[in-house]
Amino acid sequence: METSRRDLLGLAIGGLGLVGVAGVLYPLLKTLAPSASSLAGAKVEVDGSQIPEGQVRVVSWKGKPVFVVHLPQNFQWPGKTKETDNYKLLQGQPLYALVAVCTHLGCVPLWKPQGEAEYNYPVFHCPCHGGFYSPWGDNIAGPPPRPLHVPPQKVEGTKLIIGEPGFVKELT
Ligand code: FES
């Protein structure tokens, strides 16, 4: 009799504990779910006329840093590109966006318009382990295994709209 009462008490306390844990966890998990404001960031408009030619701006899209690249007219790049590169997707576009997360271990590469190391032409350089990318985000040297991710995007006048399919429809 004693034992079963103690068991019941134990169960009751255990049950209370569970309710307590749920009470603490629920608000915690709620804060981890995407908030309305971060979902609203699913489409970002950038006015390319505010970015000088040859320069790059970093904006936030879906919580990620994104490069907006504004290449000069008739930009020529002396490096090499491959068939599978972002270049195929982005060639001829003076204004485009790339997710600014290195495909090696996730650092944010740096835009080097004057070049870096053996490259005396514009490249992105990842300072973490020495990865190099072309201006279109193609991995050209170092440990990165893939080009930078290209988000869906379209151009309207001088505006680049990131997150809306256009000249890039699919995520690559
Ligand atoms: S994280 Fe960029 S090279 Fe390693």
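Refer to the structure above for everything that follows.
In this text, all values refer to a predicted model and were calculated from it rather than measured experimentally.

Caption draft 1: Here's a closer look at the state of the cysteines. Within this structure, the stated rule accounts for 1 disulfide. Across the disulfide from cysteine 107 sits cysteine 128; the S-S distance is 1.9 Å. Torsion about the S-S bond of the cysteine 107 and cysteine 128 cystine: about -95°, corresponding to left-handed handedness. A residue pair is termed long-range when its members are at least 10 positions apart, and cysteine 107 in the loop between strand 4 (95–99) and strand 5 (110–112) and cysteine 128 in the loop between strand 6 (123–126) and strand 7 (131–133) qualify at 21 residues. Look at cysteine 128 and you get partly exposed, because its relative accessible area is 37%.

Caption draft 2: Spatial organisation of the side chain of aspartate 138. Positionally, aspartate 138 belongs in the loop between strand 7 and strand 8 (139–141). Here aspartate 138 is buried and forms no salt bridge, its nearest opposite-charge partner lysine 82 lying at an N-O distance of 6.8 Å. A distance of 2.5 Å separates a polar atom in the side chain of aspartate 138 from the backbone nitrogen of asparagine 86. Apart from the residues lying within four places of it in its own chain, the contact partners of aspartate 138 are Thr81, Asp85, Asn86, Tyr87, Phe132, Tyr133 and Pro147.

Caption draft 3: Looking closely at the pattern of salt bridges. This structure, assessed with the given rule, holds 6 salt bridges. Across the salt bridge formed by aspartate 85 and lysine 82, the nearest N and O atoms sit 3.8 Å from each other. Under the relative-accessibility criterion, aspartate 85 is labelled buried at 5%. Residue classification places lysine 82 among the partly exposed residues on the basis of a relative accessible area of 46%. Between glutamate 164 and lysine 154 there is a salt bridge; the shortest N-O distance is 3.1 Å. Of this pair, glutamate 164 sits in the segment after strand 10 (159–162) while lysine 154 is found in strand 9 (residues 153–156), placing the two residues 10 residues apart along the sequence. Residue lysine 154 is classed as partly exposed on the basis of its relative accessible area of 22%. Three or more residues joined by partner-sharing salt bridges are found here, namely Lys43, Lys154, Glu156 and Glu164.

About the cut-offs
- Note that residues are indexed from 1 along each chain, following the sequence as it is written.
- Predicted model: local features are reported for residues with pLDDT of at least 70 only, side-chain atom pairs are reported and counted for 80 or more only, and whole-chain, interface and lining totals are derived from all residues.
- Side-chain measures here rest on the full set of heavy atoms in the structure, leaving out hydrogens and waters.
- The disulfide criterion is simple: two cysteine sulfur atoms within 2.5 Å.
- Numbering of helices and strands runs from the N terminus, with a helix taken as a DSSP run of H or I at least four residues long and a strand as a DSSP run of E at least two residues long.
- Each residue is assigned to one of three classes by its accessible area relative to the maximum for its type, calculated with a 1.4 Å probe on protein chains only: buried under 20%, partly exposed between the two thresholds, exposed over 50%.
- For the purpose of charge, His is not counted, nor are the chain termini; Lys and Arg are scored as positive and Asp and Glu as negative.
- Counted as salt bridges are all cases of a side-chain nitrogen of Lys or Arg within 4 Å of a carboxyl oxygen of Asp or Glu.
- Side-chain atoms alone can form a polar contact between residues adjacent in sequence; in general such a contact is a pair of N or O atoms within 3.5 Å, and within protein one must be able to donate a hydrogen while the other accepts it.
- The criterion used for residue contact is that any of the two residues' heavy atoms lie within 4.5 Å.

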